[in-house]
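Examining the three-dimensional arrangement
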Amino acid sequence: MEDVLRWGCIKPIYASLESFEPREVSFAEALRVWARIGFLSFGGPAGQVALMHQELVERRRWIDEERFLHALNYCMLLPGPEAQQLATYIGWLMHKTRGGIAAGVLFVLPGFVAILGLSALYAGFRELPAVAALFFGLKAAVLAVVVEAVLRVGKRALKNRLMVAVAAAAFVGIFFFRVPFPLVVLSAGLFGLVGMRLVPSAFPEPANIKVDVLQATVIERMAEAGELSHTRPSTRRSLRVLAVCLGLWALPILGLLVGFGRESVLVKEAVFFSKAAVVTFGGAYAVLAYIAQRAVETYGWLRPGEMLDGLGLAETTPGPLILVVQFVGFLGAFRNPGALPPMLAGLAGALVTVWVTFVPCFLWIFVGAPYIEALRGNRSLHAALSCITAAVVGVILNLSIWFGLHVIFRQIGELQLGPIRLLMPVLASVDAASAVLAILAMLAMFRFKLGVPKTLAASALLGVAWKVSGVGGN
């Protein structure tokens, strides 16, 4: 949680709190606030958490900082987008299941609509010179964004030599030996659990943050009035929620299987992204290498550079970055429509991908949230998660190299030396324009601190200018 403080998310303004009296919040009012947050949730998880803290802790006093931080800590333990799950958690606290569903859906809905429209534009009109030029510039900037993610996550996660070694092992495994991403995550977690028992001093201790609460918040007043009974752990309730969520998760897949057959791209997308949904520890960047490798090399849904285009769309629209999977799902179905019209198939692919990606997020919150107190200060769990986060650094480094090669070179070959696979760029195929734009984007972000949205916009404009000028050729 020290990272949240470092990001500038926690900025209490005590003067205003002293004069503010929290009151009961109706469900209709909560809907308006969650919709506002959904439309303004740009900037990745750091910006999204900062926005929620400003709106819910500082401005409206719905929740106190201590509970906010504890909820965020729990959400960071889970696979999936922590900001969306934090919104679901707080919505559930205030208005039970319907509040959690409303908060979680409204956090995703604006981005879903935006990326759906942009994916259709990309699929149908990508060959138009203006659209191609726009994505040419975006692609170079996204490489800079991924490199920044390596440095940011690395600074947070690599707290000692052991964590550096875990990150290095993860990178070597996934880059040279093609070790599947889920196996990397599982191995890192098991290493942390076992290592904590053998050499506890080698692992960092959980952060202990104490926050002064000047006055009761809305949720605290609800607790005093006995209105938080739904937060008490209940085995019967947990089993019921588990059955409902698993049913919602599985039934569409079974329906597609019956309606289209097991070879349908919609069935393959539903199964693949269901698997991805349970291993997305560390956020979108961590799982992108796994998704990109399978979507490009195994299924052929995307061409190598197109994952960068999708990430560019996700970076410039509201909502969690993991919505990049919607772009993958749309293109995969658009290009393999079967008996459906391509655009309708793309829509179906986007819908099923988003469904199986986010239904598990609600499952983790509705089943796990009542038990979060048992997770506080658990050193074994913290050690496992520290190792997973360190491994994620190696995974994102692999992603940045993979992206970098496909941005700067037009042709990439492979050299197989026994179990070792090496990516071999064709030096004569270097794309000088992409290399220059990538360098400029990195200078903008690292030297001039321009920020992701402005860097993406500037790179897109430079890409259009380059293509329009005719200097870049084809």
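What follows is about the overall build of the protein chain. Helix and strand counts for the protein chain stand at 19 helices and two strands. Carbon and sulfur atoms form 65% of the exposed surface of the protein chain, whose accessible area is close to 20900 Å².

The sheet contact formed by strand E1 (residues 412-417) and strand E2 (residues 420-425) spans six bridges and is antiparallel. Residue pairing across strands places Leu417 opposite Ile420, the latter belonging to E2. From the end of E1 to the start of E2, which pair antiparallel, there are two residues, and Gly418 there has a positive phi angle of about 65 degrees.

A positive phi angle, near 60 degrees, is found at Lys96, a position not held by glycine. The topology assignment puts Lys96 in helix H6 (residues 82-125). With a relative accessible area of 47%, Lys96 lands in the partly exposed category. Residues other than glycine seldom take positive phi values, yet Lys449 does so here, at roughly 50 degrees. On the basis of relative accessible area, Lys449 is assigned to the exposed category, the value being 65%.

With that settled, the discussion passes to the packing of aromatic side chains. Considering all chains together, one arrives at 14 aromatic pairs under this definition. Members of the aromatic cluster, each reached through a chain of ring pairs, are Phe272, Phe273, Tyr299 and Trp301. Cation over ring: Arg447 sits above Phe448, and NZ or CZ is 5.4 Å from the ring centre. Between Lys467 and the ring centre of Phe136, over which it is positioned, the NZ or CZ distance is 4.5 Å.

This brings us to a nonpolar patch on the surface. Judged by side-chain polarity, Leu183, Leu186, Leu190, Leu193, Val194, Leu198 and Val199 come together as a nonpolar surface patch covering roughly 640 Å² of accessible area. Topologically, Leu186 is positioned in helix H9 (residues 181-198).

With that out of the way, let us pick up the pattern of salt bridges. Side chains that differ in sign of charge can pair as their charged atoms come close. Going through the model one piece at a time under the given rule, you end up with ten salt bridges. In this structure, the salt-bridge partner of Glu414 is Arg178, at a minimum N-O distance of 2.9 Å. Here Arg178 lies in the loop between helix H8 (161-176) and H9 and Glu414 lies in strand E1, a separation of 236 residues in the sequence. Using a relative accessible area of 34% as the deciding quantity, one classes Arg178 as partly exposed. Arg335 is the partner of Glu306 in a salt bridge, and the nearest nitrogen-oxygen pair spans 2.7 Å. Taken together, the positions of Glu306 in helix H14 (residues 306-315) and Arg335 in helix H15 (residues 324-335) put the pair 29 residues apart, joining distant regions of the chain.

Turning our eyes to something else, we now look at helix H16 (residues 342-368). Between its terminal C-alpha atoms H16 stretches 40 Å, which fits the 39 Å expected from 27 residues at 1.5 Å a residue. For H16, the tally of buried residues reaches 19 of 27 residues, placing the bulk of the element in the interior.

Now for the packing of helix H7 (residues 129-157) against H14. Running from N to C, H7 and H14 point in directions that differ by 80 degrees, and their axes come no closer than 8 Å. Between H7 and H14, the angle falls in the class roughly perpendicular. From H7, Phe135, Lys139, Val142, Leu143, Val145 and Val146 reach across to H14, where they touch Leu308, Asp309, Leu311, Gly312, Leu313 and Glu315. Looking at the contact of H7 with H14 residue by residue, the classes come out as eight nonpolar, one polar and three charged.

Inspection of the secondary structure assignment puts Ser434 in helix H18 (residues 432-447). Take Ser434: its relative accessible area is 5%, and that puts it in the buried class. Between the C-alpha atom of Ser434 and that of Gly463, which follows or precedes it by 29 residues, the distance is 8.7 Å. Not counting residues up to four positions away in its chain, the partners in contact with Ser434 are Phe136, Ala140 and Val407.

Moving on, we get to the side chain of His95. Its location among the elements puts His95 in helix H6. By relative accessible area, which is 12% here, His95 ends up buried. Once residues lying within four places of it in the same chain are set aside, the contact partners of His95 are Val25, Ser26, Phe27 and Ala30.

A few words now on the state of the cysteines. As enumerated under the stated definition, the model contains zero disulfides in all. Looking at the unpaired Cys361, the closest cysteine sulfur is the one in Cys75, lying at 9.6 Å. Judged by its relative accessible area of 1%, Cys361 is buried.

A separate point is the confidence of the model for the protein chain. Scored by pLDDT, the protein chain has a mean of 84; 89% of the residues are at 70 or more. The least confident element of the protein chain, judged by mean pLDDT, is helix H2 (residues 14-18) at 39; the most confident is H16 at 96. Confidence drops under a pLDDT of 50 for residues 1-20, and excluding neighbours within four residues, the segment shows 45 contacts in the predicted structure. Across residues 208-214 the pLDDT falls below 50, and counting only partners more than four positions away or on other chains, this stretch makes 13 contacts in the model.

Turning to the packing of H14 against H15, a few remarks are in order. When two helices pack together, their arrangement is given by the angle between their axes and by how far apart the axes lie. The N-to-C vectors of H14 and H15 enclose an angle of 130 degrees; their axes lie 8 Å apart at closest approach. Looking at the two axes, H14 sits oblique to H15. You can see that H14 and H15 cross each other, and the crossing is right-handed. Of the residues in H15, those touching H14 at Glu306, Met307, Asp309, Gly310, Leu311, Leu313 and Ala314 are Val324, Phe327, Val328, Leu331 and Arg335. For the contact of H14 with H15, the residue count by class is eight nonpolar, one polar and three charged.

Another point: the side chain of Ser41. In this structure, Ser41 sits in the loop between helix H3 (27-40) and helix H4 (44-59). On the basis of relative accessibility, which here comes to 1%, the residue Ser41 falls in the buried class. Non-local contacts of Ser41, meaning those with residues more than four positions away in its chain, are made with Gln48, Leu51, Phe107, Pro318 and Gly319.

Cut-offs and rules
Residues numbered from 1 in each chain as written. Predicted model: local features only at pLDDT ≥ 70, side-chain atom pairs only at ≥ 80, totals over all residues. Heavy atoms only, no water. Helix = DSSP H or I, 4+ residues; strand = E, 2+ residues; numbered from the N terminus. Areas by Shrake-Rupley, 256 points an atom, 1.4 Å probe, with all protein chains shown as cover. Pairing = 2+ DSSP bridges. Buried < 20%, exposed > 50% of the residue type's maximum accessible area, 1.4 Å probe, protein only. Phe/Tyr/Trp six-rings, centres within 6.5 Å; stacked < 30°, edge-to-face > 60°. Lys NZ or Arg CZ within 6 Å of the ring centre and 35° of its normal. Patch = residues over 30% accessible without salt bridge, like charges linked within 9 Å, V, L, I, M, F, W, Y side chains within 5 Å. Salt bridge = Lys/Arg side-chain N within 4 Å of Asp/Glu carboxyl O. Expected span 1.5 Å × (residues − 1). Axes fitted to C-alpha atoms, helices over the stretch in contact; angles between N-to-C directions. Parallel < 35°, antiparallel > 145°, perpendicular 65-115°, else oblique. Contact = heavy atoms within 4.5 Å. Nonpolar A, V, L, I, M, F, W, Y, C, P; charged D, E, K, R; others polar. Disulfide = S-S within 2.5 Å. pLDDT = per-residue confidence, 0-100. Left-handed = near helix turned anticlockwise from the far one by under 90°.

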